[in-house]
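Okay, here's what each chain looks like letter by letter:
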Amino acid sequence: MKLVTVAQMREIEKEADANGLTYAEMMENAGRGLAEIVNEVAFDDDWEEVLGLVGPGNNGGDTLVALTHLVEAGWHARAYVVKRKKKDELVARFIEAGGEVTFADSDKDLSALDMCFESADILLDGLLGTGIKLPLKAEIASVLEQSLFIMAELEEPPYIIAVDCPSGVDCDSGEAALECLPADLTVTMAAVKRGLLKLPAFEFVGDLALVDIGLPDDLASFYDLKTEVADLDLVAGLLPERDLDSHKGTFGTALIVAGSINYTGAAYLAGAAAYRSGAGLVTMAVPSPLHGVLAGQLPEATWVLLPHEMGNIAGNALSALTKSLESASALLVGPGLGLEAKTREFLEGLLTGKSNAKKQTSQIGFVRQEANEDAPITLPPMVVDADGLKLLAKISDWHKLLSPLSVLTPHPGEMAALTGLSKDEIQNDRETIAAKFAREWGHVVVLKGAFTVIASPHGQMTVIPVASPALARAGTGDVLAGLIVGLRAQGLDAYDAAVAGAYIHAEAGLIAAEDLGTTACVLASDVLNSIVDVMSELE
């Protein structure tokens, strides 16, 4: 799904019309697609009554087209028409098909509106479209306000479908009128309007669905758009095939350098998430005191025990890792590492390929291994998260030392450490900031938070359409990093792995909250366990 401003959408429609797809045809396609979604929503229910709030704009026209198709499919349909001409061709077509119409200008006390709601199973909110300016005009505001009052009094209020956007939402800024009807589902036409993925508007959107309005394949103004909204179909298309003759080597080896005595759980969450993503093998490189705690929790993993100082990775730990780097398909560095100077020394050595001594001897199980600082180290594809990002910020030219097209997963605080910007500056323009530094650093940036932004150095950007306090909990970022490195190990390129991992992570958070019945009680381990549900939907 593409993400557009209102002005961009107007240009797209204008170019389409100039290329032979008329505005009337676009409206017909939009209305037909909307009717199909209504039928899908109602498939398992005995719903048969639909009410449309119809305004003067294009989305009012989309609603009338949809209502006409629904009447022809056997629905009992009513339209409550506000500020639209009585001789409107679409109104006449709806009436001719058997629909019932009430005009607001003949319903001064709104009593007829009350009657329209009495038996409605579905409400199509097509009162206002993308071009509105707040505050709302009195007549429109009163219809919306009365609709809210009526539905609050109903024992079973209708399922609300917003047509293109909930009426009263500014589709660029994300502002919302107090009278907005909260939708169960917003059916957006051709592309997602940018303001829908901003607060407070997002609180009124409900689920999102897209209708194809028939835009030509060669429409430059549409297909040149580089910002997308992730959805199930997009992510399902990114995941690797899992053939019957696969073996563990088919799905790669994720090497995870993580953990310290104070942050033991971070390593577990990242490793388990990498396995849940479908990786064939996960190797955990942790400070040696952590092994006894973690091995029983993650018996599927193999282990590299790193030299430590007081439970933190020691500066001379690189030699213990060399062999595993050679066999890794992807490398994650960062979850729970801590910020000790010796750990930064280790990370700098990893990136430069230089240990802090000419020879180091490390104990890995019963095998002794020597590594020379002169031996070149080729880093596998990298993901850097959490403390790894904060340590990077202390290393000169760090972005030049990472393996090509690495994935960086900062939250706003970590992004501030990497960029020198304030968190407010970052949060006030998340997409622009993510895109700017992805380009400057030459790596994929996953700027976490409400509506996580994934930006590539080449200008491509994807937004995850999720904002939930269920994910505002320690450890959930470790789960995300594990998902991304696991997908990277399976052969997805950096950007696709980041998009798929962020989407799976967000959906797992929503499922965990739904299962528990609250967002307040969701733990990172609940998000981890819910990955299974998301992956099953994606297959």
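Reading the values: rules and limits
Residues numbered from 1 in each chain as written. Predicted model: local features only at pLDDT ≥ 70, side-chain atom pairs only at ≥ 80, totals over all residues. Heavy atoms only, no water. Salt bridge = Lys/Arg side-chain N within 4 Å of Asp/Glu carboxyl O. Helix = DSSP H or I, 4+ residues; strand = E, 2+ residues; numbered from the N terminus. Buried < 20%, exposed > 50% of the residue type's maximum accessible area, 1.4 Å probe, protein only. Axes fitted to C-alpha atoms, helices over the stretch in contact; angles between N-to-C directions. Parallel < 35°, antiparallel > 145°, perpendicular 65-115°, else oblique. Left-handed = near helix turned anticlockwise from the far one by under 90°. Contact = heavy atoms within 4.5 Å. Pairing = 2+ DSSP bridges. Disulfide = S-S within 2.5 Å. Phe/Tyr/Trp six-rings, centres within 6.5 Å; stacked < 30°, edge-to-face > 60°. Lys NZ or Arg CZ within 6 Å of the ring centre and 35° of its normal. pLDDT = per-residue confidence, 0-100.

Even after reading the chapter, I still don't get the pattern of salt bridges, so can you show me in this structure?
Opposite charge on two side chains allows them to pair when their charged atoms are near. Under the counting rule described, the total for this entry stands at twelve salt bridges. The partner of Arg32 in a salt bridge is Glu28, and the shortest N-O contact between them spans 3.9 Å. Placement of both Arg32 and Glu28 in helix α2 (residues 23-41) is noted, with a separation of four residues, approximately one turn of the helix. By relative accessible area, Arg32 is classed as partly exposed at 33%. With a shortest N-O distance of 2.8 Å, Arg93 and Glu28 are connected by a salt bridge. Taken as a pair, Arg93 in helix α4 (residues 89-97) and Glu28 in helix α2 lie far apart in primary sequence, 65 residues in all. Each of Glu28, Arg32 and Arg93 takes part in one network of salt bridges that share partners.

What am I meant to see in the packing of helix α18 (residues 476-489) against helix α19 (residues 494-516) here?
What describes two packed helices is the angle between their axes and the distance between those same axes. Contact pair α18 / α19: the axes reach a minimum separation of 8 Å and the direction vectors enclose 140°. Relative to α19, the element α18 is oriented oblique. The interaxial crossing formed by α18 with α19 has right-handed handedness. Between α18 and α19, the residues in contact are Thr476, Val479, Leu480, Leu483, Ile484, Leu487 and Arg488 and Ala494, Ala497, Ala498, Ala500, Gly501, Ala502, Ile504 and His505, respectively.

What is the right way to read the sheet that holds strand β5 (residues 122-126) from this model?
Think of a sheet as strands paired side by side through backbone hydrogen bonds, with each pair either parallel or antiparallel. Sheet architecture is open: seven strands sit in the order β4-β3-β2-β5-β6-β7-β9, paired in parallel fashion. Strands at the two margins of the open sheet, each flanked by one partner only, are β4 (100-103) and β9 (207-211). Averaged over all pairs of adjacent strands, the angle between their axes in this sheet comes to 20°, without regard to strand direction. In this sheet, strand β3 (residues 76-81) lies alongside strand β2 (residues 49-54) in parallel orientation, the contact comprising six bridges. Note on β3: the bridge partner recorded for Leu51 is Arg78. Helix-sheet contacts for α2 involve β5, β6 (159-163), β7 (185-189) and β9, and the interaxial angle to β9 is about 135°.

Help me understand the state of the cysteines, please; the structure alone is not making it clear to me.
In a disulfide, the sulfur atoms of two cysteines are held together by a covalent bond. Scanning all chains against the criterion turns up zero disulfides. Residue Cys180 stays outside any disulfide, its sulfur separated by 8.4 Å from that of Cys165, the closest cysteine. A relative accessible area of 2% places Cys180 in the buried class.

What am I meant to see in the sheet that holds strand β13 (residues 302-306) here?
Reading across from one edge, β10-β23-β22-β21-β20-β19-β16-β11-β12-β13 is the order of the ten strands in this open sheet, with mixed pairing throughout. For this open sheet the edge positions go to β10 (227-229) and β13, each flanked by a neighbour on one side alone. For this sheet, the mean angle separating the axes of adjacent strands, direction not counted, is 15°. As paired elements, β10 and strand β23 (residues 461-463) share three bridges and run parallel to each other. The partner of Val229 across the bridge, within β23, is Val463. Across the face of the sheet, α19 comes into contact with β20 (407-409), β21 (444-447), β22 (453-455) and β23 while running at roughly 175° to β22.

Help me understand the packing of aromatic side chains, please; the structure alone is not making it clear to me.
The description of an aromatic ring pair uses the distance of the two centres, along with the angle that the planes make with each other. In the structure shown here, the tally under the stated rule is five aromatic pairs. Seen in terms of ring centroids, Phe202 and Phe451 are 4.8 Å apart; in terms of plane orientation they differ by 85°. Their pairing is edge-to-face. Separated by 249 residues along the polypeptide, Phe202 in the loop between β8 (192-193) and β9 and Phe451 in the loop between β21 and β22 bring together distant segments of the chain. Both residues of the pair, Phe202 and Phe451, belong to the buried class. Their ring planes at 85° and their centres at 4.8 Å tell us that Phe222 and Tyr223 sit as a pair that is edge-to-face. Under the relative-accessibility criterion, Phe222 is labelled buried at 8%. When its relative accessible area of 37% is taken as the criterion, Tyr223 is described as partly exposed. Site record: aromatic cluster; members linked through ring pairs are Trp398, Phe437 and Trp441. Cation over ring: Lys86 sits above Phe103, and NZ or CZ is 5.4 Å from the ring centre. Taking NZ or CZ as reference, Lys436 lies 5.2 Å from the ring centre of Phe437, over its face.

Any chance you could explain the confidence of the model for the protein here in plain terms?
Interpretation of the predicted coordinates at a detailed level should be avoided for regions scoring low in pLDDT. In this model, the protein carries an average pLDDT of 94, and 96% of its residues clear a pLDDT of 70 or more. Confidence drops under a pLDDT of 50 for residues 357-373, and excluding neighbours within four residues, the segment shows 38 contacts in the predicted structure.

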